[in-house]
Amino acid sequence: MAGQAPTIQVPTDAELLQAQADLWRHSLYYLTSMGLRCAIKLGIPTAIHNFGGVTSLPDLMAALSLPASKQPFLGRLMRVLVTSGVFAAGGDNSHSEAEAELFRLNPLSRILVDGVVADEHHSQTSFVLAATSPFYTEAALGLADWFRKDIAGPVPSPFEDVHGASLFHESTALLDQELDELVTEGLAAHDNLGIGTIMRECHDLFKGLESLTDCCGGDGTTARAITKAHPHVKCTVLDLPKVIDKAPSDGIVNYVAGDLFHSVPKSQAVMLKLVLHHWSDEDCVKILSQCKDAIPSHEEGGKVIIIDIVVGPSLGPVMFEAQLLMDMLMLVNTRGRQRTENDWRELFMEAGFSDYKIVKKLGARGVFEVYK
């Protein structure tokens, strides 16, 4: 007798229609990402900024020098991006029918404006262009094949598996020079965004320190912000030679070319800001061990400052989803991951630290002090 086919619970009519709409959304989310990429490539956020933050569709068309025949299509793109929260619609105080085709910047699109000189503005366009690049999307398309492979030894990321190169490594430039530049610029912009908030909300974090090493500190933007707020702190930036070679020689920050897996300059505090989520647990323990060797005891004021994402649902479903999507980004493109507080605690203990505390939670990120 043939086996009976398994049964399935049949949704109600309302559930079925909602399920189909949800399926459309999940299947087509990539079009929002591609629409965002298109808006950046066209320069739409910067164009709206140049109009004072709000503009009409015809004026936007003229500013972008687009053919008149494309105006209806640009309108359709902008409505999708308004609905998804990239831009806002209407004037500041009016929602009349006459202003229905006005588009304005909101906090999200303001961080996509290029050419602005301000201490706390770090344009995120490179981050978006890297994340939506063919190299990232192709790696994500290879996920199912990657899961099926039985790989001995350290498991490469899908990005490594598809492209034969690793992000944040010299092999990225060999794969594609433009991608390497985008990734480097995007990483710097992503890491530097919010440093002003950290300085205001965690002012005591640097109080009493005499010296600090910022690991993977790039061009020293964060270190200079610390020195500006706390002139008594002598800051050193440790990064790869290719990064340090381009760093400004202004005398405000000391730059050291090196590899944090092998040696970290000795100082009272060592900082790892949005670094460890790129690395596996095993590699994080190696990095943290080097940091532990670089600082004095807790009694002498020694500490490792870690600023990184702390995954958890406490901030609501939207922020939690953003954290989990960032974890998927790490899964696809690196050997790292985002971590819960318990995951962080286990890393600290395995690396030989005695204690830690979360100084502050700032959005998706947590600020840790870890003690020797």
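Rules of the game
- Residues numbered from 1 in each chain as written.
- Predicted model: local features only at pLDDT ≥ 70, side-chain atom pairs only at ≥ 80, totals over all residues.
- Heavy atoms only, no water.
- Phe/Tyr/Trp six-rings, centres within 6.5 Å; stacked < 30°, edge-to-face > 60°.
- Helix = DSSP H or I, 4+ residues; strand = E, 2+ residues; numbered from the N terminus.
- Buried < 20%, exposed > 50% of the residue type's maximum accessible area, 1.4 Å probe, protein only.
- Lys NZ or Arg CZ within 6 Å of the ring centre and 35° of its normal.
- Pairing = 2+ DSSP bridges.
- Contact = heavy atoms within 4.5 Å.
- Axes fitted to C-alpha atoms, helices over the stretch in contact; angles between N-to-C directions.
- Core = buried A, V, L, I, M, F, W, Y, C linked by side-chain atoms within 4.5 Å.
- UniProt positions renumbered as here; feature names shortened; annotations may be inferred.

## Things to note about the packing of aromatic side chains
Under the counting rule described, the total for this entry stands at eight aromatic pairs. Seen from their ring centres, Phe 348 and Phe 368 are 5.4 Å apart, and the 75° between their planes marks the pair as edge-to-face. One end of the pair, Phe 348, is in helix α17 (residues 341-350); the other, Phe 368, is in strand β10 (residues 365-371), and 20 residues separate them in sequence. For the pair shown, Phe 348 and Phe 368 are each scored as buried. An aromatic cluster of at least three residues, connected via ring pairs, comprises Trp 344, Phe 348, Tyr 356 and Phe 368. The cationic tip of Arg 339 hangs over the ring face of Trp 344; the distance from NZ or CZ to the ring centre is 5.5 Å.

## Looking at the sheet that holds strand β1 (residues 54-56)
Within the open sheet, the three strands sit side by side as β1-β3-β2. Their pairing is antiparallel. With one partner strand each, in any of the chains shown, β1 and β2 (88-89) form the two edges of the open sheet. The pairing of β1 with strand β3 (residues 102-104) spans three bridges and is classified as antiparallel. The residue of β3 that forms the bridge with Val 54 is Arg 104. Lying on the sheet, helix α3 (residues 57-64) is in contact with β1 and β3; it crosses β1 at an angle near 95°.

## Focus on the nonpolar core
Of all hydrophobic cores here, the largest spans 39 residues; its most connected members are Ile 44, Ile 48, Leu 60, Leu 74, Met 78, Phe 87 and Tyr 136. Contact partners of Tyr 136, with chain neighbours within four places excluded, come to Ala 130, Ala 131, Phe 159, Leu 167, Leu 179, Val 183, Leu 329, Val 332 and Asn 333. Residues Val 264, Val 285, Cys 291 and Leu 347 belong to the second largest nonpolar core, which totals 27 residues.

## A look at the UniProt feature "domain: O-methyltransferase C-terminal" (unreviewed entry) in the protein
Within this structure's numbering, the places UniProt gives as "domain: O-methyltransferase C-terminal" (unreviewed entry) are residues 143-354. Its end C-alpha atoms 38 Å apart, residues 143-354 is made of 45% helix and 13% strand.

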